[in-house]
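Read off the chains here:
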Amino acid sequence: MPPRVTSPTAHPPRGDARGALLGAALSLVRRQGWAATSVDQLCKAAGVTKGAFFHHFASKEALGVAAARHWDAVTSPLFASAPYHRHEDPLDRVFGYLDFRASIAVGPLEDFTCFVGTAVQETFASSDAIRAACDDTIRAHAAHLERDLLAAMERHPPCAEVTAAGLAVYTQTVIQGGFVLSKAHGSNAPLLDALSHLKRYLSFLFQQPTDKETNRVERPR
């Protein structure tokens, strides 16, 4: 069973009202959206009073900003400890990242879709603070992949003029779009298809042979 993104927030320490509220926000917003999630629901899910809520957060918007930053803190260890980092070749690490993304796309949609991607779709025009926090979190994640892409470009020169930063952001664009279409479709199939197409594109870009059945790169040994 692959690791679950929800597990780090499942059981905050007793008495940690702030942590419980942040965990509740990550869970509820991914399941029902930002607008449908009320302060009362957050307090009930977190097991805290409304007074405790406003002790830690001045408003629901303030919670949204903190939750976007908390999302990065929750998910970063999951990706930092993922097995694809063990590959010596940076291009193998890039493909391993995409395979890892596919491996954790299991279970209910709210278990593997993205809090910041979900929140920003509803708040981009109504809360610049939440929009900016979500943008920072997505770009921070892209920056981790950018390092491997830059090293891959140095070892395997691509056949087109691209940048590592551009490819890293494009990868996140494909993944976030896959999340949206998976929600519309009611299954993980659109996300998995999008990841497969992205792997094909990168294989062509880096001129790597592929296995037509699995879309996995066949690396020479």
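Here the structure is a predicted model, which means the values were calculated and not measured.

Asker: Can you help me understand the overall build of the chain in this one?
Answerer: When helices and strands are counted, the chain shows ten helices and zero strands. Helices and strands appear in the chain in the N-to-C order α-α-α-α-α-α-α-α-α-α. With 221 residues in all, the chain has 46% of them scored as buried. Long-range contacts, defined here as pairs at least 24 residues apart, represent 67% of the contacts in the chain between residues at least 6 apart. Surface summary for the chain: the accessible area is close to 11,200 Å², and the carbon and sulfur share equals 55%.

Asker: Sorry if this is basic, but what is going on with the pattern of salt bridges here?
Answerer: Taken as a whole and judged by the stated rule, the model has seven salt bridges. Two residues, Asp40 and Lys50, come together in a salt bridge whose shortest N-O distance is 2.8 Å. With Asp40 in helix 2 (residues 39-46) and Lys50 in helix 3 (residues 50-56), this residue pair connects regions lying ten residues apart in the sequence. Residue classification places Lys50 among the partly exposed positions, given a relative accessible area of 40%. Across the pair Arg93 and Asp148 runs a salt bridge whose closest N-O atoms are separated by 2.9 Å. Here Arg93 is found in helix 5 (residues 90-103), whereas its partner Asp148 is found in helix 8 (residues 128-155), with 55 residues between them in sequence.

Asker: Would you mind showing me how to read the packing of helix 5 against helix 8 here?
Answerer: Each pair of packed helices gets described by two things: the angle between the helix axes and the distance between those axes. Viewed as axis vectors pointing N to C, helix 5 and helix 8 meet at an angle of 140 degrees, and their least axial separation amounts to 7 Å. Touching Pro90, Leu91, Arg93, Val94, Tyr97 and Arg101 of helix 5 are His141, Leu145, Asp148, Leu149, Ala151, Ala152 and Arg155, all from helix 8. Considered class by class, the residues forming the contact of helix 5 with helix 8 number eight nonpolar, one polar and four charged.

Asker: When you look at the nonpolar core in this model, what are you seeing that I'm missing?
Answerer: The nonpolar side chains of soluble globular proteins are, as a tendency, buried together. If you look at the biggest cluster of nonpolar residues, it comprises 65 residues, and the most contacted ones within it are Leu42, Phe53, Phe115, Leu202 and Phe206. When sequence neighbours within four positions are dropped, the list of residues in contact with Leu42 reads Leu21, Ala24, Ala25, Leu28, Thr37, Phe53 and Leu63.

Asker: Got a minute to help me understand the state of the cysteines in this structure?
Answerer: Working definition: the covalent bond between the sulfur atoms of two cysteines is a disulfide. Scanning the entire structure with this criterion turns up zero disulfides. Cysteine Cys114 remains unbridged, with the sulfur of Cys134 as its closest cysteine sulfur at 7.8 Å.

Asker: For this particular structure, what's the right way to read the packing of aromatic side chains?
Answerer: Note on aromatic pairs: each is described by the distance of the centres and the angle between the planes. On inspection of all chains with the given rule, the structure shows nine aromatic pairs. Judged by centre distance (5.0 Å) and plane angle (75 degrees), the rings of Phe53 and Phe54 are edge-to-face. For Phe53, a relative accessible area of 0% corresponds to the buried category. Centroid distance Phe53 to Phe57: 5.8 Å. Interplanar angle 50 degrees. Geometry classified as tilted. For Phe57, a relative accessible area of 3% puts it in the buried group.

About the cut-offs
Residues numbered from 1 in each chain as written. Predicted model: local features only at pLDDT ≥ 70, side-chain atom pairs only at ≥ 80, totals over all residues. Heavy atoms only, no water. Helix = DSSP H or I, 4+ residues; strand = E, 2+ residues; numbered from the N terminus. Buried < 20%, exposed > 50% of the residue type's maximum accessible area, 1.4 Å probe, protein only. Contact = heavy atoms within 4.5 Å. Areas by Shrake-Rupley, 256 points an atom, 1.4 Å probe, with all protein chains shown as cover. Salt bridge = Lys/Arg side-chain N within 4 Å of Asp/Glu carboxyl O. Axes fitted to C-alpha atoms, helices over the stretch in contact; angles between N-to-C directions. Nonpolar A, V, L, I, M, F, W, Y, C, P; charged D, E, K, R; others polar. Core = buried A, V, L, I, M, F, W, Y, C linked by side-chain atoms within 4.5 Å. Disulfide = S-S within 2.5 Å. Phe/Tyr/Trp six-rings, centres within 6.5 Å; stacked < 30°, edge-to-face > 60°.

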